[in-house]
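Remarks on the overall topology
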Amino acid sequence: MTSLPESPQTRIGAAERDTAVDRLQQAYSEERITQDELEQRVHHALTAATRADLDTVLHDLPGPAPAPAATTLTAVAGRIDRRGAWRVPRTLTVVSPFAKVRLDLGHAVIDHPVVDIELRLEFGRATITVPHHATVDLDGLTPGWKGLRYRAPRRPSPTPGPTIRLTGTTGFGRLRIRHAKPR
């Protein structure tokens, strides 16, 4: 099934409004717009109902920076901690012999329909928080000694989200996956 192209009159939701506000704040921090412009444009972005409404607010700003295609996060000991509004790459490899890993994708910027996360845990433990509307694919994951803690949502989200595909091994570490609470 092919999706229809979006028209300017396509209704938008909170996620699109939040992304527009993030772009406006970025433009302000880069001194592309003034404080007054920021306030006016944020108001229009938050009250926008259609794609055309958002386009009028963002038309003269550069597009968002693309996410890198692949990234590797490595820590022998200590912590790997990613949370907040960080941009998730298409492919992410996490190498952690003894470190504690926390990846929070709940409020991250995800530009891809599928995100591949390869885990190489040995003795460390990892907690991964996925967006509330995401689908989690664990087929390529080999859980280790302590296993895996994940419970799929009872009710699927009405709006489809990205697919988070986990592969790799957890060794003697523990992996916990949970869904973020909806905004």
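None of the values given here were measured: they were computed from a predicted structure.

Topic: the overall build of the protein
Looking only at helices and strands, one finds three helices and 12 strands in the protein. Taken along the three principal axes of its C-alpha coordinates, the protein extends 55 × 40 × 25 Å. Per-residue burial over the protein gives 34% buried out of 183 residues. Where the 26 positive side-chain charges of the protein centre and where its 20 negative ones centre are 13 Å apart.

Overview of the sheet that holds strand β7 (residues 114-121)
Taken together, the five strands give an open sheet; going across it, the order is β1-β4-β7-β11-β9, and neighbouring strands pair in parallel fashion. What marks the edges here is a single partner per strand, and that holds for β1 (70-74) and β9 (135-142). Strand-to-strand twist of the sheet, defined as the mean angle between neighbouring strand axes without regard to direction, takes the value 15°.

Topic: a nonpolar patch on the surface
Where nonpolar side chains cluster on the molecular surface, the patch consists of Val76, Phe98, Phe123, Trp145 and Phe172 and spans about 640 Å² of accessible area. Relative to the helices and strands, Trp145 resides in the loop between β9 and β10 (148-150). Note on Trp145: relative accessible area 64%, which makes it exposed.

Details of the nonpolar core
Ranked by internal contacts, the top residues of the largest apolar core, which has 26 residues, are Val94, Leu103, Ile117, Leu119 and Val130. For this core, the secondary-structure elements that each account for two or more residues are β4 (91-96), β5 (100-104), β7, β8 (125-130), β9, β11 (163-169) and β12 (175-179). Per element, the largest residue contribution to this core is four residues, and it comes from β7. Among all residues touching Ile117, those that are not within four sequence positions of it are Leu92, Val94, Leu103, Leu105, Ile164, Arg165, Leu166 and Thr167. If you look at the next biggest cluster of nonpolar residues, it comprises 14 residues, including Ile12, Leu24, Leu38 and Val42.

Comments concerning the pairing of β5
As judged from the four bridges shared by strand β2 (residues 79-82) and β5, these two strands associate in the parallel manner. Following the sheet pairing, Asp81 is matched in β5 by Arg102.

Quick look at the sheet that holds β12
Overall, parallel pairing links the five strands, which are arranged β2-β5-β8-β12-β10 in an open sheet. Two strands close off the open sheet at either side, each with one partner strand: β2 and β10. Going from strand to strand, the sheet's axes swing by 10° on average, the running direction of each strand aside. Where β8 and β12 come together, five bridges link them in parallel fashion. When the bridges of β12 are listed, Thr129 appears paired with Arg178.

As for the pattern of salt bridges
By the definition in use, this model includes nine salt bridges. Ionic pairing is found between Arg83 and Asp81, a salt bridge with its closest N-O pair at 3.5 Å. Judged by relative accessible area, which is 52%, Arg83 ranks as exposed. Between Asp116 and Arg90 there is a salt bridge; the shortest N-O distance is 2.7 Å. Of this pair, Asp116 sits in strand β7 while Arg90 is found in the loop between β3 (87-88) and β4, placing the two residues 26 residues apart along the sequence. The exposure class of Arg90 is partly exposed, given its relative accessible area of 27%. In this structure, a network of salt bridges that share partners links the residues Glu37, Arg41 and Asp60.

Considering the environment of Ile80
Relative to the assigned elements, Ile80 resides in strand β2. Along the chain, Ile80 and Thr91 lie 11 residues apart, while their C-alpha atoms are 16 Å from each other. What Ile80 contacts, discounting residues up to four positions off in sequence, is Leu73, Thr74, Ala75, Val94, Val95, Lys100, Val101 and Arg102.

Structural notes on unusual backbone geometry
Phi angles above zero are rare outside glycine, and Glu31 is one such case at about 60°. Turning to its location among the elements, Glu31 is positioned in the loop between α1 (14-29) and α2 (35-47).

The rules we used
Residue positions are given per chain, counting from 1 as you read along its sequence in written order. Where totals are concerned, whole chains, interfaces and linings use all residues; where local detail is concerned, this predicted model gives features only for residues with pLDDT of at least 70, and gives and counts side-chain atom pairs only at 80 or more. With hydrogens and water stripped out, all remaining heavy atoms of the structure feed into the side-chain values. Under the scheme used here, helices are H or I runs from DSSP no shorter than 4 residues and strands are E runs no shorter than 2 residues, and both carry numbers assigned from the N terminus. Classification of residues uses two cut-offs on accessible area relative to the type maximum, computed with a 1.4 Å probe and protein chains only: under 20% is buried, over 50% is exposed, and between them is partly exposed. The charged-residue count follows a simple rule in which Lys and Arg add positive charge and Asp and Glu add negative charge, with His and chain termini not counted at all. Lysine's charge is taken at NZ, arginine's at CZ, aspartate's at CG and glutamate's at CD. What makes two strands pair is DSSP finding at least two bridges between them. Fitted lines through C-alpha atoms serve as axes, helices being fitted only where they are in contact, and the angles separating the N-to-C directions of these axes extend from 0 to 180 degrees. To count toward a patch, a residue needs a relative accessible area above 30% and no salt bridge. Like charges then connect within 9 Å, nonpolar side chains (Val, Leu, Ile, Met, Phe, Trp, Tyr) within 5 Å. Only the protein chains shown count as cover for residues, and the accessible areas themselves come from Shrake-Rupley with a 1.4 Å probe. What makes a salt bridge here is a side-chain nitrogen of Lys or Arg within 4 Å of a carboxyl oxygen of Asp or Glu, nothing more. For this analysis, a nonpolar core means a set of buried residues of the types Ala, Val, Leu, Ile, Met, Phe, Trp, Tyr and Cys, connected via side-chain atoms within 4.5 Å. Any two residues having at least one pair of non-hydrogen atoms within 4.5 Å are treated as being in contact.

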